[in-house]
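# Structural overview for review
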Amino acid sequence: MTPESLDHTGVFRALADPTRRAVFERLMGAEMTVSDLTTGFAVSQPAISQHLAALRGVGLVSERRAGRFAYYRAEPAALAPLVEWIDKYRAFWPDRIERLKDVLKGMDQ
Amino acid sequence: MSDTAETAQDIVLDYELDAAPEKVWRALSQPHLVAAWLGPNDIAPEQGRRFVVEPAPNKAVDCEILEADPERRLSYRWREADDQGALVDSTVTFEVTPTPLGGSHLRLVHSGFKAVGAGSMLGAVNDNTLMQRSLQWAA
């Protein structure tokens, strides 16, 4: 699954959950197994697995199997749709603030 | 990669304006003035007040005032439908501070992008509440 094929709704939704966002952030630092991940959270292993499934579903996390173990890591490239959304506003606000300046100039003191 | 997904999402813009905070506040909070730079709207700077603004034709943004501290700070929820019709919530905050020469410093912060799609457990609750609920459900 390439990041291009993902809709940003899924990425937003996946990261809207704080626990899931925390899981994603931890996996940005290192590749981990489910039990590594469970150690850092007051959340059950099945719950962590569910969060991982949701993150994998939108391409934010990938899985590597080695023997009996599965290792997970973050795929920051999948954040691209989110970054595009933010970029839209990075262009939007400066444009609108220029208009705000014009409004201020036209106002009575 | 040291940036977290959280901080990477915030937009922070700073401006020096040639107008006093009182004037800037009016331009940020009076509908006929806001209309001239942001779009048609029915804003009123009262906490809890819901309003709609249309930055572009047929692109209505559903807003709610989170904080209105006259001449200092105006913050509202910015809820927009994306291309697929899912709702994306974020927060827009304007901070106004006076400058020595009678102008204003304006800081605009657009932060906290998150989705609130249909069937989502997310509503108008803050992150802490959500975290607690997620943890309860997971336990």
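Residues numbered from 1 in each chain as written. Chains lettered and ligands numbered in written order. Predicted model: local features only at pLDDT ≥ 70, side-chain atom pairs only at ≥ 80, totals over all residues.

## Considerations on the overall build of chain A
Per the secondary structure count, chain A includes 5 helices and 2 strands. Each helix and strand of chain A, ordered N terminal to C terminal, gives the series α-α-α-α-β-β-α. Its C-alpha atoms give chain A a radius of gyration of 20 Å, more than 25% over the compact-globule value 13 Å for 109 residues. In terms of overall dimensions, chain A has a C-alpha envelope of 70 × 30 × 20 Å along the principal axes. (Helix = DSSP H or I, 4+ residues; strand = E, 2+ residues; numbered from the N terminus. Rg over C-alpha atoms; globule rule 2.2 N^0.38 Å.)

## A short note on helix α5 (residues 80-106) of chain A
Between its first and last C-alpha, α5(A) extends 40 Å over 27 residues, near the 39 Å set by a 1.5 Å rise per residue. For α5(A), the complete set of buried residues consists of Pro81(A), Leu82(A), Trp85(A), Leu100(A), Val103(A) and Leu104(A). (Expected span 1.5 Å × (residues − 1). Buried ≥ 20, exposed ≤ 12 C-beta atoms within 10 Å, placed from the backbone.)

## Section: the environment of Leu87(B)
All names here are of chain B. Topologically, Leu87 is positioned in strand β5 (residues 87-98). On the basis of neighbour counts, which here come to 18 C-beta atoms within 10 Å, the residue Leu87 falls in the partly exposed class. Between the alpha carbons of Leu87 and Asp62 there is a distance of 9.8 Å; along the sequence they are 25 residues apart.

## Focus on unusual backbone geometry
Trans is the prevailing form of peptide bonds, just as negative phi is the prevailing case for residues other than glycine. All names here are of chain B. Unusually for a residue other than glycine, Asn58 sits at a positive phi of about 60°. Within the secondary structure, Asn58 sits in the loop between β2 (50-56) and β3 (59-69). Asn58 gets classed as exposed once you count the C-beta atoms within 10 Å, which come to 5. Even without glycine at this site, Glu71 takes up a positive phi of about 65°. Mapped onto the fold, Glu71 is located in the loop between β3 and β4 (73-81). On the basis of neighbour count, Glu71 is assigned to the partly exposed category, with 18 C-beta atoms found within 10 Å.

## Quick word on the confidence of the model for chain A
All names here are of chain A. In this model, chain A carries an average pLDDT of 86, and 91% of its residues clear a pLDDT of 70 or more. When pLDDT is averaged over each element of chain A, strand β1 (residues 61-66) comes out on top at 95 and helix α1 (residues 8-16) at the bottom at 75. The low-confidence segment residues 1-6 (pLDDT under 50) makes 10 contacts with residues lying over four places distant or belonging to another chain. (pLDDT = per-residue confidence, 0-100. Contact = placed C-beta atoms within 7 Å.)

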